[in-house]
Amino acid sequence: MKSSYYQFSTNRLLIKEWHSLESYEWNQEALPEVVKRILSPTVTQSLPPMWQGDYTIERASKWIQQQDSECITLLIVDKSTKKAIGFIILFEDDNNSVLRLGYLLSEPEWGKGYATELIAGFTKWCEKQKIPSVIAGVNKDNTASIHVLKKNGFTQVSDTSLHDELSFILIQNK
């Protein structure tokens, strides 16, 4: 799909495929610097082990290459500051009937309502795009993200995983 497909905005946020942002839309930090800043050890602590720990510019650059080869990555930009504050990571199935969702916000932005606003905007975008369902995984200890998903219409799928991850699904009305 074309990158313009993956974009939406909310009152405070612009969310767009990270290679498609225009210069006037954000403060144009180098993408490896953005990744290094956002993916702090605190932010990544509940993610899979390969994502955890400190990020150097080299590690961030490799992470960007990996994301570009495996999924669609959207940059979350605060409209008022034009600062990148997080990522949405999407995996498509073969027929575009299900999206797998992941999202991350930089630690200084936690507790400001951005996650709820982000996921509310994302669910509206999915409805407009006629995406029938979205699956989101979250660490069972991440109560804030669990609350955000539930608040935005996701329901927990029975937990059969061997890991510490819970799965949630959003099914759109057709």
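Structure's up top.
Source: prediction; values computed, not measured. (Residues numbered from 1 in each chain as written. Predicted model: local features only at pLDDT ≥ 70, side-chain atom pairs only at ≥ 80, totals over all residues. Heavy atoms only, no water.)

Quick notes on the layout of surface pockets
Thinking step 1. Estimated volume of the largest pocket: approximately 1,100 Å³.
Thinking step 2. Of all elements in the fold, only helix 2 (41–44), helix 3 (57–70), strand 4 (83–92), strand 5 (98–105), helix 4 (114–128), strand 6 (133–139) and helix 5 (143–151) reach the threshold of two or more residues within the lining of the largest pocket.
Thinking step 3. Sorting elements by how many residues they give to the lining of the largest pocket places strand 5 first, with six residues.
Thinking step 4. Residue composition of the lining of the largest pocket, by class: 20 nonpolar, 15 polar and six charged. (1 Å grid on protein atoms, 1.4 Å probe; cavity = no way out; pocket = protein on both sides within 12 Å on 5 of 7 lines; lining within 4 Å. Points joined across faces, edges and corners; volume = space filled by probe spheres on them. Helix = DSSP H or I, 4+ residues; strand = E, 2+ residues; numbered from the N terminus. Nonpolar A, V, L, I, M, F, W, Y, C, P; charged D, E, K, R; others polar.)

So, the packing of helix 1 (residues 31–38) against helix 3
Axis angle and axis distance: for two packed helices, these are the angle between their axes and the distance between the axes, and together they describe the pair.
Thinking step 1. In contact at an axis separation of 8 Å, helix 1 and helix 3 are set at 105° when each is read in the N-to-C sense. Accordingly, the angle class assigned to the pair helix 1 and helix 3 is roughly perpendicular. Taking contact as the criterion, the partners of L31, P32, E33, V35 and K36 in helix 1 are, on helix 3, I57, A60, S61, W63 and I64.
Thinking step 2. In terms of residue class, the contact of helix 1 with helix 3 is built from seven nonpolar, one polar and two charged. (Axes fitted to C-alpha atoms, helices over the stretch in contact; angles between N-to-C directions. Parallel < 35°, antiparallel > 145°, perpendicular 65-115°, else oblique. Contact = heavy atoms within 4.5 Å.)

Quick notes on the nonpolar core
Thinking step 1. The biggest cluster of nonpolar side chains holds 33 residues, and the ones touching the most others in it are I88 and F122.
Thinking step 2. For this core, the elements supplying multiple residues, two or more each, are strand 2 (13–17), strand 3 (72–78), strand 4, strand 5, helix 4, strand 6, helix 5 and strand 8 (165–171).
Thinking step 3. Looking at which element gives the most residues to this core, the answer is helix 4, with seven residues.
Thinking step 4. The contacts of I88, once residues within four sequence positions are left out, are F8, I15, I72, T73, L74, I76, L101, G102, Y103, L118 and F122.
Thinking step 5. The next biggest cluster of nonpolar side chains, apart from the first, holds 22 residues, and it includes I64, C71, A84 and F87. (Core = buried A, V, L, I, M, F, W, Y, C linked by side-chain atoms within 4.5 Å. Buried < 20%, exposed > 50% of the residue type's maximum accessible area, 1.4 Å probe, protein only.)

As for the packing of helix 4 against helix 5
Thinking step 1. At their nearest, the axes of helix 4 and helix 5 sit 9 Å apart, and the two run at 35° to each other. Seen along the crossing, helix 4 lies across helix 5 with a hand that is right-handed. Within the contact between the two elements, helix 4 uses A115, T116 and I119 and helix 5 uses V148, L149 and K151. (Left-handed = near helix turned anticlockwise from the far one by under 90°.)

Description of the packing of aromatic side chains
Thinking step 1. Across all of its chains, the model carries 10 aromatic pairs by this definition.
Thinking step 2. Aromatic side chains F8 and F122 sit 6.2 Å apart centroid to centroid with 50° between the ring planes, which places their arrangement in the tilted category. Highlighted residues: F8 in strand 1 (residues 7–9) and F122 in helix 4, separated in sequence by 114 residues. An identical accessibility class is assigned to F8 and F122; each is buried.
Thinking step 3. On the numbers, 5.8 Å between centres and 85° between planes, the contact of W18 with F87 is edge-to-face. Of this pair, W18 sits in the loop between strand 2 and helix 1 while F87 is found in strand 4, placing the two residues 69 residues apart along the sequence. Each member of the pair W18 and F87 is classed as buried.
Thinking step 4. In textbook terms, an aromatic cluster arises when at least three aromatic residues are bridged by ring pairs, as seen for Y5, Y6, F8, F122 and W125.
Thinking step 5. The side chain of R59 reaches across the aromatic face of Y55, ending 3.9 Å from its centre. (Phe/Tyr/Trp six-rings, centres within 6.5 Å; stacked < 30°, edge-to-face > 60°. Lys NZ or Arg CZ within 6 Å of the ring centre and 35° of its normal.)

What to know about the pattern of salt bridges
Thinking step 1. Inspection of every chain in the model, using the stated rule, returns six salt bridges.
Thinking step 2. Among the salt bridges present, the one from K16 reaches E25, with a minimum N-O distance of 3.0 Å.
Thinking step 3. Two residues, E58 and K62, come together in a salt bridge whose shortest N-O distance is 3.3 Å. Taken as a pair, E58 and K62 lie in helix 3 at a separation of four residues, close to a single helical turn.
Thinking step 4. For E58, a relative accessible area of 53% corresponds to the exposed category. (Salt bridge = Lys/Arg side-chain N within 4 Å of Asp/Glu carboxyl O.)

These results come straight from atomic positions and should not be treated as a statement about function.
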